[in-house]
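# Coordinates in review
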Amino acid sequence: MSQLNLASHEALRISPRQAMALRPLVEQFNIEYCATLDSGDIENWPTYFTDDCIYRITARENAHLNMPVGLVYADNKAMLHDRAVAIARTQMFAPRTMLHILSNTRIIDARNEEIIASCNFLLLQTLVEGPSTVHLAGTYYDRFEHKGEQELLLKERQVVYESSVIANDLVYPV
Amino acid sequence: MSQLNLASHEALRISPRQAMALRPLVEQFNIEYCATLDSGDIENWPTYFTDDCIYRITARENAHLNMPVGLVYADNKAMLHDRAVAIARTQMFAPRTMLHILSNTRIIDARNEEIIASCNFLLLQTLVEGPSTVHLAGTYYDRFEHKGEQELLLKERQVVYESSVIANDLVYPV
Amino acid sequence: MSQLNLASHEALRISPRQAMALRPLVEQFNIEYCATLDSGDIENWPTYFTDDCIYRITARENAHLNMPVGLVYADNKAMLHDRAVAIARTQMFAPRTMLHILSNTRIIDARNEEIIASCNFLLLQTLVEGPSTVHLAGTYYDRFEHKGEQELLLKERQVVYESSVIANDLVYPV
């Protein structure tokens, strides 16, 4: 089960000054994460996670009800790796491109070598010879490993999207 | 009347270095403001304003003509409070979700315990069992109270949206 | 020819800490750049470039194939100036408004008074009495002149948009 509270609005558990100081660090992580995905370098996607990570994509509705089900669920890095390899090998080359727009990175807590944060995302999809459309919009709810000067790693990423309907073709990570 | 110039492009009145130094502070404020609105915690929305605040939602066209009319207008916090209570009590539970994407926070001036800033926003609406669509796009034009180490408060927020047509159902704050 | 690699995902050539330190500087530049364009102050658009700048708007598909063609191409500031004047004089007044949403500013390299960076953009267009729609989404690939305390200037901006089709009416800079 998720260790994050997705069911309601969480107040900051650190001061706004502390949140401000840590925000660039989490933004830096997410910028690289999205650059990897948007470039189609999906086999490197699992490198952003810890070995015992949780990764889930689920609808806002399910998240609010604390329902464990989701569109995608993995509870360790090996599962992410299997998924990444499967996608990389079965997708046609570049039938579409994805572009992440991130904003509102919110640092909620930071203690015990862990950062709790959220971030809004807009995922644009562009089919070959088609327009760019909003494929998915939502919020990342994250728990990062934060050890000294080491790079951050995701211990948990809950991708909560707004819509309760979703195109069947969502196979790519978000 | 607004003390902000909405009719034309304003040059920075501080150095880019000063603007850079203050940007995280205003971003921090706006991230929390949007988290409150997007979570539906509308009764806490007025806490982001000073007692004698101005809040208006208006079309770009009206703003350019310096027309005082707008879709929504309030000139003190009590009015915002009344509005928030009315919306919280009359809306059906979660008929839709809102998600703010913010960017381009621009610090224009800072003096006399006041910060003048603007920020682009994209407001996505997702109806139950529907896709996420762009509900409103535009710019916040803001005047913040900035007293020492105290948290920022809005003395004035002019929400200027791009479209001259708007769905009748805009009752939520932006 | 472009000195930037648009054909594949580029790893950072500086440390994440260095990237974090320079990010606000590039964000500051891009915020002002977009404020100038979105306000319609197009005659000032060339002031963001060096004299011998490269500016191109091209489709992701072309960029991946390293094809030099593009929708728009200029290889010095005088060409940008001519273009800006032509647009400013021939466009009807405010038939539409443009709004840039920027995110994911990525600092890839910094040395020899130069910064290599990229940034995702979403360009919203609003026709008079119409809704706001996604006009163009993509990535800026940039090479900045970075001389001491001087403001940044663009030595090269490659605007790479996702779609392979585009409305014929793209005359405005991006």
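Here, the structure is the one placed above.
Throughout what follows, the structure given in this document is the object of discussion. (Residues numbered from 1 in each chain as written. Chains lettered and ligands numbered in written order. Predicted model: local features only at pLDDT ≥ 70, side-chain atom pairs only at ≥ 80, totals over all residues. Heavy atoms only, no water.)

Turning our attention to the packing of helix 1 (residues 16-38) of chain A against helix 1 (residues 16-38) of chain B. Between helix 1 of chain A and helix 1 of chain B, the least distance of the axes is 10 Å, while the angle of their chain directions is 110°. When the interaxial angle is binned, helix 1 of chain A and helix 1 of chain B end up roughly perpendicular. Counted together, Pro16(A), Arg17(A), Ala19(A), Met20(A) and Arg23(A) of helix 1 of chain A and Pro24(B), Leu25(B), Glu27(B), Gln28(B) and Ile31(B) of helix 1 of chain B form the full contact between these two elements. Classifying every residue of the contact of helix 1 of chain A with helix 1 of chain B by side-chain character gives six nonpolar, one polar and three charged. (Axes fitted to C-alpha atoms, helices over the stretch in contact; angles between N-to-C directions. Helix = DSSP H or I, 4+ residues; strand = E, 2+ residues; numbered from the N terminus. Parallel < 35°, antiparallel > 145°, perpendicular 65-115°, else oblique. Contact = heavy atoms within 4.5 Å. Nonpolar A, V, L, I, M, F, W, Y, C, P; charged D, E, K, R; others polar.)

Turning to helix 1 of chain A, a few remarks are in order. Residue and element names in this part refer to chain A. With 23 residues, helix 1 extends 31 Å from end C-alpha to end C-alpha; this agrees with the ideal 33 Å at 1.5 Å per step. Its maximal kink placed at leucine 22, helix 1 deviates by approximately 35°, while the proline proline 24 follows within four residues. Following helix 1 by one or two positions, glycine 40 has its phi on the positive side, about 80°. (Expected span 1.5 Å × (residues − 1). Bend = angle between axes of the 7 residues up to and from the residue.)

Moving on: the interface of chain C and chain A. Chain C puts 25 residues into the contact, and the matching count from chain A is 29 residues. When chain C packs against chain A, close to 2,100 Å² is buried across both sides, 57% of that on carbon and sulfur atoms. In terms of surface lost to chain A, no three residues of chain C exceed His9(C), Asn104(C) and Glu162(C), which account for 25% of the buried area on that side. Linking chain C to chain A there are three salt bridges. Between chain C and chain A we count seven residue pairs in polar contact (both at pLDDT 80 or more) in total. Elements that contribute at least two residues to the side of chain C that touches chain A include exactly helix 1 (16-38), helix 2 (60-64), strand 3 (96-111), strand 4 (114-127) and strand 5 (132-145) of chain C. Taken together, the residues of the side of chain C that touches chain A break down into 10 nonpolar, nine polar and six charged. (Buried area = accessible area lost by both parts, 1.4 Å probe. Salt bridge = Lys/Arg side-chain N within 4 Å of Asp/Glu carboxyl O. Polar contact = N/O pair within 3.5 Å; in protein donor to acceptor, adjacent residues only side chain to side chain.)

Looking now at the pattern of salt bridges. With the rule as written, the count across this model stands at 36 salt bridges over all chains. A salt bridge links Arg23(C) to Glu27(A); the nearest nitrogen and oxygen atoms lie 2.9 Å apart. Here Arg23(C), found in helix 1, pairs with Glu27(A), found in helix 1, and the two come from separate chains. Each member of the pair, Arg23(C) together with Glu27(A), is buried. With a closest N to O distance of 3.0 Å, Glu156(C) and Arg143(C) form a salt bridge. Pair noted here: Glu156(C) is in strand 6 (residues 153-161) and Arg143(C) is in strand 5, with a separation of 13 residues, a long-range link. Where salt bridges share partners, they join Arg23(A), Glu27(A), Arg23(B), Glu27(B), Arg23(C) and Glu27(C) into one cluster. (Buried < 20%, exposed > 50% of the residue type's maximum accessible area, 1.4 Å probe, protein only.)

Looking now at the relation of the copies chain A and chain B. Expressed as a screw transformation, the operator carrying chain A onto chain B has a rotation angle of 120° and an axial translation of 0.0 Å, and the superposed copies differ by an RMSD of 0.0 Å. On the angle and the small slide along the axis, the relation comes out as a three-fold axis. Minimal C-alpha separation from the rotation axis in chain A is found for Ser103(A), amounting to 3.9 Å. By residue overlap, the copies meet through two different surfaces: only 8% of the interface positions of chain A are interface positions in chain B. (Least-squares fit on C-alpha atoms with pLDDT ≥ 70 in both.)

For the rest of this paragraph, the subject is the sheet that holds strand 3 (residues 96-111) of chain A. Across the sheet, six strands lie side by side as 2-1-6-5-4-3 (chain A); this open sheet has mixed pairing. Strand pairing shows two members of the sheet lacking a second neighbour, strand 2 (72-74) and strand 3 of chain A, which therefore form its edges. On average, each strand axis in the sheet is inclined to that of its neighbour by 20°, with strand direction left out of account. Sheet topology note: the strand 5 (residues 132-145) of chain A/strand 6 (residues 153-161) of chain A ladder contains eight bridges and is antiparallel. Directly across from Glu145(A), in strand 6 of chain A, lies its bridge partner Leu153(A). Strands in contact with helix 3 (residues 77-90) of chain A are strand 1 (49-59) and strand 2 of chain A; relative to strand 1 of chain A, the strand with the most contacts, it is inclined by about 65°. With respect to the sheet, helix 1 of chain B is in contact with strand 3 and strand 4 (114-127) of chain A, its orientation differing from that of strand 3 of chain A by roughly 100°. (Pairing = 2+ DSSP bridges.)

The subject of this paragraph is the pairing of strand 5 (residues 132-145) of chain B. Residue and element names in this part refer to chain B. Of all 14 residues in strand 5, 12 are buried; the element is thus mostly enclosed. Inspection of the sheet shows strand 4 (residues 114-127) paired to strand 5 by 13 bridges, in the antiparallel sense. Bridge pairing in strand 5 links phenylalanine 121 to glycine 138. Hairpin connection, strand 4 to strand 5: the antiparallel pair is bridged by four residues, and glutamate 129 has positive phi, about 60°.

Remember, this is a structural readout, not a statement about activity or role.
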